[in-house]
Structure formats: structure tokens, C-alpha cells
Amino acid sequence: MPRSTYQRLLGLIGKLAVVLILGFLVLPAVVVTIAAFNDKAILSFPPQAWSWRWFAKAIAYQDFRDGFRNGLIVTAWSSTIALVIGAMFAFALHRYRFRFKKTLEAVLLSPLVIPHFTVGLGFLILAAQIGWNRSYAVVIACHVVLVLPFVLRSVYVSLRNLDQSYERAAASLGASPLRVLVTITLPLLVPGLVSGWLFAAMLSFNEFTASLFVTAQRTQTLPVAMYNYVREFADPSMAALSVMYIAATAALIVFANAYLGLGKVLNIEQSR
Amino acid sequence: MNPQPFLRTFTAPAVLCAFGFLLALAAVLQFSLRAYVPGSLDPGGFTLANFTDLLKPLYARVFFDTVVICFLTAVSTLIVGYPLAYALVRTQSAVIKSILLVIVVTPLFLGEVVRTYSWIIVLGNNGFINSVLLNVGIIRQPIQFMFTTFGVVVALVHVTMPVMVIMLAAGLSHIDRDYQRAAESLGAGPIRVFLTVTLPLSMPGVVAGVTTAFAWTFSAFATPQLIGGGRVNMISNLVYQLGFSSFNFPFAASLCVAGLALTIVVLSALRLVARPLENIGPH
């Protein structure tokens, strides 16, 4: 039948398009991996000889080491603070009515569309005025604001998917609101909380533009250190670091997908 | 019994956070209205001079270029992202779905610097594409991708892809498949079903995706800075240059304020244009 040949052809074209687009998405990662194992300091394709030495150099480079450590400090604090603030607010947002609810929600979600350089400049000026510039506090505060929308969304989605009859059952059996919250609601929310925290941590660790404004030499995070390196040097150490970065990130995403179900977290499961 | 236990406790930290953020934005607004004192980090008295300076052709040009780059990026990302979002939502295989998800989502968390650096290696004169084309003999001279708007847009499309696909997929996944089945049973072919049923019903996702891609591109700094190399400038690059090369923070702040106003105007216009499209769906 001509109809089915036609449909098969369409399906084939569709699949080809998807494969090409996936190729576009992974091309930089593949190319940077080839470059990282190239023995020569100058970029050349295909490489003449292979080596691990750029990995050793990247790991030994002091600015990368400091940036990694500073990044971990900033990320640990900011993602945890954002998780606590975001989870509590998502709960209030989902369950309660209160004054200025919409306004407060809009303000806290606005960092999604406000350019990071504007947020960074704002925190820089603010910090300079109260003498906090060069401190971790301003970097952490800035990151909390930037990652909060992602925690809010993640926790809100799991609150919406939560079956409230468990909570009502506990309450009707005489459990206090606090007891219901701690023994029923919180355990049921764990996947949403973990994914919200994981997203917040990964975004904070990789945040660059605002960090460039609010970090000082002493508090420089890894993306800022990498940016400075790319501007000054051209050897493949940066490629080696990128490969480690890509591998670690992909591993975390695979983990998140296996244990938390990314489709559910991102709210993209087919409804019917 | 209190019907809303913990209300105060749960909203107080969020209020504090919102307050701090608004203070930071207010600081930008305040600085944008202050005079620049050369050689000093402290601003002078109140003035509107920063905003009148913005009208100079040099700055107007950067604003224009920024909007063009954001628009090109958002539209290209939509065209490239749609098939992927469609495949992600409609595939029956859990394995393919997982693979697609991981490939789409991972770049979101790689950060702008790693991705921009990777694109420099792909697009540079000694880079991957030029080396391959030279070796195969298709070209004799390397093609200049670096320092061009094309190169910047290609890298920016890659940067905004994950969020676009996620937004489109969210829109597509909430479409009731019965509409499609009804059209099919009435004899509509696959292209007709897509154009008259699926595409119109996915408009909310399209609008959300384009809006977010536009805003994210506007926010990009490392990509235009490193791939544009000073020859392709966006507002972000100008803000950084003014702030950290000439310490003219008041003028940098006025650029931020004008940029924010521009984003709001463009996004509102987009919403307005898209409203009739969003209402195509079932009532």
C-alpha cells in the first residue's frame, strides 16, 4: 500500500533528523575529548600521538584546585540553603493562601529571566556598600537566589503528585501537624527534595556569569578559573578538565535518571 | 486548630530571600541614576546622563545586535529542538527515552564556559570542522567561524537547547492523544495531523520555550565574549567591560536597567503576538 510506504518514509526522515540533532548536541563533547588526549600542545585533528599528560597538568594546576575547593564550599552552602528555603516555600505555595502569594512567587522565580550579569552586578554593588565584597557570603547569597527557582519547581511538582490521603489518615488518627509533616509528608517528598538539591548543586557549581562579578581572587569558583585560563592559555589542559567535567556531570544525570526518574521531575511524562 | 500550620515559619525565609534580591536589583537601579566619577569606585550625584548616553550609535548598535542574536538563537533552537522534544515524548521505548533525556539534560549542567570552550575547538581555524574539511579537500582555506555572528549563534543554540527541549516536551506531553486519534480515524495523514492538531496544541510549550531561550541568550556572557572575541558584542559584554575595565559602574548599571526593560518589552510583545495562537486549543 502506498500509504504505509509513505508513513514509513516519514518515520525514517524523522528518525534521521533526531539522530542528526543528537549529533549536534554531542559533537562538542566528542571533539573536546579527542583534543584532551592529543599529545601536542597545539590543536590538530586527527592527533598524531596520544597522551594523558594534559589530565595530569589540569589536576596539578593550582587555580583549578583552588577553584574546585571554593566551588564546593559555595555549592554546599548555597544548594542546602536554597533547598530549605525553597522546600518550605513550595509547601506554603501549594497548600496555603496568604497575602502577596503571587507577588512573592513572581519575585522568587524572576531570576530565571533576569540576566545573570544584572543579578551579579546588583550583588556586587550591594556587597561593596556593606563591606562584604571579597567574602563567601555574597557569592553564596547570589547563588541561593539564582538556584532557588529550580528547587521551588522540583519540590512543587512532587507536592502536586503527592497523595494527601496519607496525611489526612495520620491527622484523623490524632497526629499533630508537626508529626504529620515529619513522619508522612517529608519522607514522601524525598525524591523531589533530592532532585531539587541535586539540580541546585549542579547549577551553583557551574554558575559562571554572576560569579564572575561577585567572586574575588580568594573566592574564585572553578568556572571563573576556567574562563581566566581559556583567556590566557591555549594548551589542552582545559580540554582535559572539560572531559572530566562532562564525564562527572553525565554520570550524575544518569544516576538522577535511574533513581529519581528525570521525566517525572521535569514534568514531561506523556499524560495518556 | 490552625488550618495553616507553619505558615509564618515556612514563608519567612522566602520573604527574606526575596527582600535581599530586590535590594540587589534596587542597587543596580540606584547606580544607574548616579554620575560616574573617573578614578573612583564611589558614584557621584543623581543624573540621567547615563541613559542619554545609551542613545549614542555605538551603544544602540550593541542593543540592536543583542536582540538580533537572541531572536536568531531562539528561533533556531525552536526548529532544532522540536523534533527532539517530539521524539522524547512520543518514543515507546524506555531505553531510547532515557538516552535522549541524558543527552538533552547533561549539557544544561555543564556550564557556559566548558561548552563555549568546546565550541572554540570545534569551530576554530585549526578546529575540528576546518581540519576535517581541509583533509577531505572540500575547502582550501579554513572557514572563518570564530568572531562571527554565525559562530556565536551556533554555540548559543547549543547552550539553550536543553531548556527549550524540556519546555517543548512539557507542552507536548500534556496534549491529550485522543485528539490525534480522532483526526487519524477521520482519515487525516500524519503531516496533516501534526500541522492541524499536534502543533497548534503544543503552542503553550513553544511560547514558553522561545521566551525562556530569548531570556537565557540575553543573559549569555562567556559565549559572545570568547567566540565573538570583541567583534560580536552583546550587552553582557559591554556591562562587564564597563564595570571591570573602566570601573564605570553607574553606566554599566544603566545598561543593565535598559537591557531589563528591553527584555520585558520584547517578551511582552512575544506573549501578545502568541496569545491568539495559544487559544487555538480545545475550550
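Residues numbered from 1 in each chain as written. Chains lettered and ligands numbered in written order. Predicted model: local features only at pLDDT ≥ 70, side-chain atom pairs only at ≥ 80, totals over all residues.

Undergrad: In this structure, what is going on with the overall build of chain B? I would like to understand it.
TA: Across its full length, chain B holds 13 helices and zero strands. In chain B, the order of α-helices and β-strands from amino to carboxyl end is α-α-α-α-α-α-α-α-α-α-α-α-α. In terms of principal-axis extent, the alpha carbons of chain B reach across some 80 × 75 × 35 Å. Counting all 283 residues of chain B, 46% fall into the buried class. Taking all contacts inside chain B whose residues are at least 6 apart in sequence as the whole, residues at least 24 apart take part in 71%. (Helix = DSSP H or I, 4+ residues; strand = E, 2+ residues; numbered from the N terminus. Buried ≥ 20, exposed ≤ 12 C-beta atoms within 10 Å, placed from the backbone. Contact = placed C-beta atoms within 7 Å.)

Undergrad: Can you help me understand the overall build of chain A in this one?
TA: Along the backbone of chain A there are 12 helices and zero strands. Counted from the first residue to the last, chain A has its helices and strands arranged as α-α-α-α-α-α-α-α-α-α-α-α. Over its C-alpha trace chain A gives a radius of gyration of 23 Å, far above what one expects of a compact globule, namely 19 Å for 272 residues. For chain A, the spread of C-alpha atoms along the principal axes amounts to about 75 × 75 × 30 Å. Each of the 272 residues in chain A was classed as buried or not, and the buried ones make up 43%. Within chain A, contacts between residues at least 6 apart in sequence are counted, and of these 76% link residues at least 24 apart. (Rg over C-alpha atoms; globule rule 2.2 N^0.38 Å.)

Undergrad: What's the story with the interface of chain B and chain A in this structure? I'm lost.
TA: By convention, interface size is frequently given as the accessible area that disappears when the constituent parts associate. With 78 residues of chain B at the interface, the matching set in chain A holds 74 residues. Considered class by class, the residues forming the side of chain B that touches chain A number 54 nonpolar, 19 polar and five charged. (Nonpolar A, V, L, I, M, F, W, Y, C, P; charged D, E, K, R; others polar.)

Undergrad: Just checking my understanding: could you explain the packing of helix H11 (residues 237–260) of chain A against helix H5 (residues 111–123) of chain B for this structure?
TA: At a closest axis distance of 10 Å, the pairing of H11(A) and H5(B) adopts a crossing angle of 125 degrees. With respect to each other, H11(A) and H5(B) are oriented oblique. Between H11(A) and H5(B) lies a crossing of left-handed hand. Contact with H11(A), carried on its side by Met238(A), Ala239(A), Ser242(A) and Tyr245(A), involves Val114(B), Tyr117(B), Ser118(B) and Ile121(B) of H5(B) and no other residues of that element. Across the contact of H11(A) with H5(B), the residue classes tally to six nonpolar, two polar and no charged. (Axes fitted to C-alpha atoms, helices over the stretch in contact; angles between N-to-C directions. Parallel < 35°, antiparallel > 145°, perpendicular 65-115°, else oblique. Left-handed = near helix turned anticlockwise from the far one by under 90°.)

Undergrad: Would you explain the environment of Ile79(B) in this entry?
TA: Note that Ile79(B) resides in helix H3 (residues 57–90). For the pair formed by Ile79(B) and Leu260(B), sequence separation is 181 residues and the distance between their alpha carbons is 26 Å.

Undergrad: I'm lost on unusual backbone geometry in this one. Help?
TA: Peptide bonds are mostly trans, and most non-glycine residues show a negative phi. Even without being glycine, Phe100(A) reaches a positive phi, approximately 60 degrees. Here Phe100(A) shows up in the loop between helix H3 (62–95) and helix H4 (101–109). Its 12 C-beta neighbours within 10 Å are what place Phe100(A) among the exposed residues. Of note in this structure, Phe247(B) is not a glycine but carries a positive phi near 50 degrees. Looking at the element boundaries, Phe247(B) is found in the loop between helix H12 (235–244) and helix H13 (249–278).

Undergrad: Even after reading the chapter, I still don't get helix H5 (residues 116–129) of chain A, so can you show me in this structure?
TA: Residue pairs three or four apart in sequence face the same way in an α-helix, which turns once every 3.6 residues. Residue and element names in this part refer to chain A. Helix length check: H5 (14 residues) gives 20 Å between terminal C-alpha atoms against 20 Å at 1.5 Å per residue, within 8%. For H5, the full list of buried residues reads His116, Phe117, Thr118, Val119, Gly120, Leu121, Gly122, Phe123, Leu124, Ile125, Leu126 and Ala127. Remark: glycine 131 follows H5 within two positions and exhibits a positive phi of approximately 75 degrees. (Expected span 1.5 Å × (residues − 1).)

Undergrad: Would you mind going over the environment of Val32(A) with me for this structure?
TA: Mapped onto the secondary structure, Val32(A) falls in helix H1 (residues 2–36). Overall, the presence of 27 C-beta atoms within 10 Å leaves Val32(A) in the buried class. A sequence separation of 207 residues divides Val32(A) from Ala239(A), and the C-alpha atoms of the two residues are 5.6 Å apart. Apart from residues lying up to four places away in sequence, Val32(A) is in contact with Ala239(A), Ser242(A), Val243(A), Ser118(B) and Ile121(B).

Undergrad: Sorry, what's going on with the packing of helix H7 (residues 165–172) of chain A against helix H8 (residues 177–206) of chain A here?
TA: Packed helices, taken two at a time, are described by the angle between their axes plus the distance between the axes. All names here are of chain A. Their axes nearest at 10 Å, the elements H7 and H8 cross at an angle of 165 degrees. Accordingly, the angle class assigned to the pair H7 and H8 is roughly antiparallel. Viewed along their axes, H7 and H8 form a crossing whose handedness is right-handed. Contacts between H7 and H8 involve Tyr166, Glu167, Ala170 and Ala171 on the former and, on the latter, Val180, Ile184, Thr185 and Leu188. Tallied by class, residues from the contact of H7 with H8 come to six nonpolar, one polar and one charged.

Undergrad: How do you make sense of the confidence of the model for chain A when you look at a structure like this?
TA: On average, chain A scores 88 in pLDDT, and the residues at 70 or more come to 98%. Helix H12 (residues 262–265) of chain A is the least confidently modelled element of chain A, averaging 74 in pLDDT, while H3(A) averages 94, the highest of any element. (pLDDT = per-residue confidence, 0-100.)

Undergrad: Help me understand the environment of Asn237(B) in this model?
TA: Residues and elements named next belong to chain B. One can find asparagine 237 in helix H12. Overall, asparagine 237 belongs to the buried group, with 21 C-beta atoms counted inside 10 Å. Considering only alpha carbons, one finds asparagine 237 and phenylalanine 10, 227 residues apart in sequence, at a separation of 39 Å. The contacts of asparagine 237, once residues within four sequence positions are left out, are Phe221, Pro224 and Gln225.

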